[in-house]
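One-letter residues, chain by chain:
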Amino acid sequence: MSIDRGDIDDGARRSASQLLARAAASLGRADRGLAQTIDDFYMPDDARLDERTRAVLAGTLTAMVAVVEGDLRRQVARSLTAAGDGDRARWLSEGDPVYDRLAAAGLLRDPDLMRELIARTRQDLLADTLPAATPDETGAASLLARLTASADSHVAGAARALMAAAARRRGLLDTGRLTHTELPAELHHRLTWWVAAAIHEQLAGADADRALADAALRALGAHDESDRVEGAAMRLATAIDAQPDELAALLTHALGDRNVALFVALLALALRLDFAVARQVVVGGGDPLWLALRAADLDRATIARIGLALSNDVEAFADQLDAIAAVSPVEARAALAPLALPHDFRAAIAALAAR
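Residues numbered from 1 in each chain as written. Predicted model: local features only at pLDDT ≥ 70, side-chain atom pairs only at ≥ 80, totals over all residues. Heavy atoms only, no water.

## Quick word on the packing of aromatic side chains
- Going through the model one piece at a time under the given rule, you end up with one aromatic pair.
- On the basis of an interplanar angle of 50° and a centroid distance of 4.7 Å, the ring pair of Trp-290 and Phe-317 is categorised as tilted. Within this pair, whereas Trp-290 is found in helix 15 (residues 287-295), its partner Phe-317 is found in helix 17 (residues 314-326), the two being separated by 27 residues in sequence. With respect to burial, Trp-290 and Phe-317 carry one shared label: buried. (Phe/Tyr/Trp six-rings, centres within 6.5 Å; stacked < 30°, edge-to-face > 60°. Helix = DSSP H or I, 4+ residues; strand = E, 2+ residues; numbered from the N terminus. Buried < 20%, exposed > 50% of the residue type's maximum accessible area, 1.4 Å probe, protein only.)

Laid out in structure tokens, this is it:
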């Protein structure tokens, strides 16, 4: 069958142009996909996310974008309806979700955002892998439940807040839905403006942009990062104010509760580290964690109990236990001293060293 180009109309030519553009884009994606596949092949095993972590991370990021987007769309739709623009309000409510647009733009690859989400996901999943304490180790009630009944109102209130925050976080793992991003303020602000910018692309008109900006500002004003599990855990650890002779029992009981956030917070305060730094040490495991336990002046028996719960390779940990116990707390604190520096200072040192 021959094709006479003289019989091709303008519509067919436009379709052909679109076909060529789509094919070019597809070929470009194929090249990028190959490069990413090669990078993945050569990635060290200890840097590769396991499938469960990858799935939870993807679900969390999707849920975060969705909760911010849903809030902004509702607020803007109300503003447009009140201004008599019901058609655009309905169109806005039915607009395409912005997740794919943000992902394609590369914004969701933001290192600060991903560092927070990966560490948080590993913290939450670590709790599911921990062995539960037997009743004779911690009593009939969990440590957190006992703290809610503390005679110290500050401790009791902080324990209840952590319990509520942990229940919300558990809801995300169980249902894949969020009511808050639970991000640190700076990251929440960043994500909110990204989502607003993506919605802006679907709108037209200065009035809609003004309504969108106002909605974003209201959402930012309503954000309370103290609702986060991490913040609640730090407040509880501060209220407890564990003394040196109490720290070992509190840490082991927190792990017995599978309360990794409280374990991290107690360790962070003992070592004067930021929560995010201590969390990275704990979820990363290995030598930095063993040094942190010695820096907190924990004895061999306590380190053994914690190591058996947290180690990915129990036999290797057992082989190292003598060496770990031989490190003095002073030596361990000196080795970890750089982690106690402010994040921006450490980042500046690393950036300068890289050049």
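What follows continues from the structure just given.
## Structural notes on helix 16 (residues 300-310)
- All of the buried residues along helix 16 are Thr-302, Ile-303, Ala-304, Ile-306, Gly-307, Ala-309 and Leu-310.
- Here the buried face of helix 16 lies against helix 5 (111-129), helix 12 (244-256), helix 13 (260-271), helix 14 (275-284), helix 15 and helix 17.
- Capping the start of helix 16 is the job of one residue whose side-chain oxygen sits 3.2 Å from the backbone nitrogen of Ala-301: Asp-299. (Contact = heavy atoms within 4.5 Å. Polar contact = N/O pair within 3.5 Å; in protein donor to acceptor, adjacent residues only side chain to side chain.)

## Details of the packing of helix 15 against helix 17
- The N-to-C vectors of helix 15 and helix 17 enclose an angle of 40°; their axes lie 11 Å apart at closest approach. Regarding the angle of helix 15 to helix 17, the classification is oblique. For helix 15 against helix 17, the interelement crossing comes out right-handed. When helix 15 is examined against helix 17, the residues Asp-287, Trp-290 and Arg-294 are found in contact with a partner set consisting of Phe-317, Gln-320, Ile-324 and Ala-325. (Axes fitted to C-alpha atoms, helices over the stretch in contact; angles between N-to-C directions. Parallel < 35°, antiparallel > 145°, perpendicular 65-115°, else oblique. Left-handed = near helix turned anticlockwise from the far one by under 90°.)

## Re the packing of helix 12 against helix 16
- Two elements in contact, helix 12 and helix 16, have axes whose closest approach is 10 Å; the angle formed by their N-to-C orientations is 20°. As summarised for this structure, helix 12 and helix 16 are arranged roughly parallel, according to the angle between their axes. Relative to helix 16, the crossing made by helix 12 is left-handed. Taken together, the residues of helix 16 that come into contact with helix 12 (itself represented by Ala-248, Leu-251, Thr-252 and Leu-255) are Thr-302, Arg-305, Ile-306, Ala-309 and Leu-310.
- Partitioning the contact of helix 12 with helix 16 into residue classes produces six nonpolar, two polar and one charged. (Nonpolar A, V, L, I, M, F, W, Y, C, P; charged D, E, K, R; others polar.)

## Examining the pattern of salt bridges
- Overall, the coordinates contain 17 salt bridges when judged by the stated rule.
- Here Arg-190 ties to Asp-110 by a salt bridge, and the two come within 2.9 Å at their closest N and O atoms. Here Arg-190, found in helix 9 (residues 185-200), pairs with Asp-110, found in the loop between helix 4 (99-105) and helix 5; they are 80 residues apart in sequence, far enough to count as distant.
- Among the ionic pairs, Asp-322 bridges to Arg-300, the shortest N-O distance being 2.5 Å. Here Arg-300 lies in helix 16 and Asp-322 lies in helix 17, a separation of 22 residues in the sequence.
- Among the charged side chains, a salt-bridge network with shared partners connects Glu-116, Asp-124, Arg-169, Glu-182, Arg-228, Glu-230 and Arg-279. (Salt bridge = Lys/Arg side-chain N within 4 Å of Asp/Glu carboxyl O.)

## A closer look at unusual backbone geometry
- Even without a glycine there, the phi angle at Arg-258 is positive, about 60°.
- You can see Arg-258 is positioned in the loop between helix 12 and helix 13.
- For Arg-258, a relative accessible area of 38% gives the class partly exposed.
- Residues other than glycine seldom take positive phi values, yet Arg-272 does so here, at roughly 60°.
- Structurally, the position occupied by Arg-272 is in the loop between helix 13 and helix 14.

## A word on the nonpolar core
- In terms of nonpolar packing, the biggest core is built from 56 residues, with Leu-236, Phe-263, Leu-267, Leu-293 and Leu-310 touching the most fellow members.
- Residue contributions to this core peak at 10 residues, all from helix 13.
- For Leu-267, the residues in contact, after removing those within four places along its chain, are Leu-251, Val-282, Leu-289, Ala-292, Leu-293 and Ala-296.
- One finds Val-65, Leu-72, Leu-80 and Met-114 within the second-largest nonpolar core, a separate group that totals 37 residues. (Core = buried A, V, L, I, M, F, W, Y, C linked by side-chain atoms within 4.5 Å.)

## Re a nonpolar patch on the surface
- A contiguous nonpolar patch, built from Ile-38, Phe-41 and Tyr-42 and spanning about 400 Å² of accessible area, is present on the exposed surface.
- For Phe-41, the location among the structural elements is in helix 1 (residues 10-41). (Patch = residues over 30% accessible without salt bridge, like charges linked within 9 Å, V, L, I, M, F, W, Y side chains within 5 Å. Areas by Shrake-Rupley, 256 points an atom, 1.4 Å probe, with all protein chains shown as cover.)

## Things to note about the environment of Ala-295
- Structurally, the position occupied by Ala-295 is in helix 15.
- C-alpha separation for the pair Ala-295 and Asp-313, spaced 18 residues apart in sequence, amounts to 22 Å.
- The contact partners of Ala-295, leaving out residues within four places of it in the chain, are Leu-271, Pro-329, Ala-332, Arg-333 and Leu-336.

## Let's talk about the side chain of Glu-230
- Mapped onto the fold, Glu-230 is located in helix 11 (residues 229-240).
- A distance of 3.4 Å separates a polar atom in the side chain of Glu-230 from a polar atom in the side chain of Gln-123.
- Within the structure, the side chain of Glu-230 is placed 3.0 Å from the side chain of Arg-169, a separation counted as a polar contact.
- Excluding its chain neighbours within four sequence positions, the residues that come into contact with Glu-230 are Arg-120, Gln-123, Arg-169, Phe-275 and Arg-279.

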